[in-house]
Amino acid sequence: MHNILVINSSVSGNDSVSRLLVADVVAAVTRLNPGVRVTERDLGAKPVPHLTADNVEGVRGSPATDEEHQSRKLSDQLLGELRAADTIIFGAPMYNFGLPTGLRAWFDYVLRAGETFSYSEAGPKGLLVGRRAIVVESRGGFYSDGPSSAIDFQEPYILHLLGFMGITDVTFIRAEKIGFGPEAREEAIAGAREEIVRLARRVAALAA
Ligand SMILES: Cc1cc2nc3c(=O)[nH]c(=O)nc-3n(C[C@H](O)[C@H](O)[C@H](O)COP(=O)(O)O)c2cc1C
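How each quantity is defined
Residues numbered from 1 in each chain as written. Predicted model: local features only at pLDDT ≥ 70, side-chain atom pairs only at ≥ 80, totals over all residues. Heavy atoms only, no water. Near = heavy atom within 4 Å. Polar contact = N/O pair within 3.5 Å; in protein donor to acceptor, adjacent residues only side chain to side chain. Areas by Shrake-Rupley, 256 points an atom, 1.4 Å probe, with all protein chains shown as cover. Nonpolar A, V, L, I, M, F, W, Y, C, P; charged D, E, K, R; others polar. Buried < 20%, exposed > 50% of the residue type's maximum accessible area, 1.4 Å probe, protein only. Helix = DSSP H or I, 4+ residues; strand = E, 2+ residues; numbered from the N terminus. Contact = heavy atoms within 4.5 Å. Expected span 1.5 Å × (residues − 1). Arc of directions from axis to C-beta.

This part takes up the site of the ligand. For the ligand, the set of nearby residues contains 16 residues, the closest of which are Ser10, Ser16, Ser18, Ser138 and Tyr143. Here valine 17 contributes a backbone N or O atom positioned 2.8 Å from an oxygen atom of the ligand. Burial of the ligand by the surrounding chains reaches 73%, relative to a free accessible area of 620 Å². Its residues placed into classes, the shell around the ligand shows seven nonpolar, eight polar and one charged.

As structure tokens, this is what we get:
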């Protein structure tokens, strides 16, 4: 059984381009391979709580208080979803040149020493090897080329965080210029959909 974890993080509900495209990826993969199992986590509609002085020890240390036990429980649950996944599909809009805070907070819960990474004399080692990630990025502007590529703190950051956990097989699908008017938006969605068709065939073949 091939397990897919779908993580959306747009706060724009049904107007979200990344949600639309993530749904396309899932539909295309499951159409080609009905045997895959899909688990969903919606960080836009139901964000995980930010870490605070009251709960951080539950994730970064040893839980003692009720709040710390709650954050440990949630961290274990999110880690369980991640570990069970062969393929993780992220919907990741660009917010303020980086990630939505919902997705950022999720990383705070799953980047745990001894669980998803470890340190040795040789340096950090990612522990979640053997998984692949597909990241749908929606952006108001254009960052793939030209001077604005220097202020893309979204894609390199996601790539680094996933790689830090050992997930190095990462494919990005970009829908850019979403803020440039309806025509540009449609063009971006159509372009991303073409990529999704090609990608879904590869994922379905792996899942077979
Ligand atoms: C809070 C917020 C911050 C944003 N910041 C940026 C930005 O820094 N650069 C950019 O190109 N677009 C930015 N946008 C536009 C979104 O990237 C664009 O609307 C994208 O389609 C959002 O993804 P979604 O449609 O899946 O919600 C921002 C949108 C929001 C809501």
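More follows now that the structure is in view.
Judged by how many residues are buried, helix 4 (residues 101-110) sits mostly within the fold: seven of 10 residues are covered. Where helix 4 is concerned, the buried positions are Gly102, Leu103, Ala105, Trp106, Phe107, Tyr109 and Val110. Looking at the buried side of helix 4, the elements it contacts are strand 1 (3-8), helix 2 (56-60), helix 3 (66-84), strand 3 (87-93) and helix 5 (155-164).

Right, let's talk about helix 3 for a bit. In a regular helix each residue adds 1.5 Å, so 19 residues correspond to 27 Å; helix 3 covers 27 Å between its end C-alpha atoms and thus fits that length. Taken together, the buried positions of helix 3 are Glu68, Ser71, Leu74, Ser75, Leu78, Leu79, Glu81 and Leu82. Buried residues along helix 3 cover an arc of 155° about the axis, so they all sit on one side. The outward face of helix 3, more than 90 degrees from its buried face, is lined by the exposed residues Asp66, Gln70 and Lys73.

What follows covers unusual backbone geometry. The backbone phi angle of asparagine 96 is positive, close to 45°, even though this residue is not glycine. Examined against the element boundaries, asparagine 96 turns out to sit in the loop between strand 3 and helix 4. What makes asparagine 96 exposed here is its relative accessible area of 75%. The backbone phi angle of phenylalanine 97 is positive, close to 70°, even though this residue is not glycine. On the secondary structure map, phenylalanine 97 appears in the loop between strand 3 and helix 4.

Just geometry here; none of it tells us what the structure is for.
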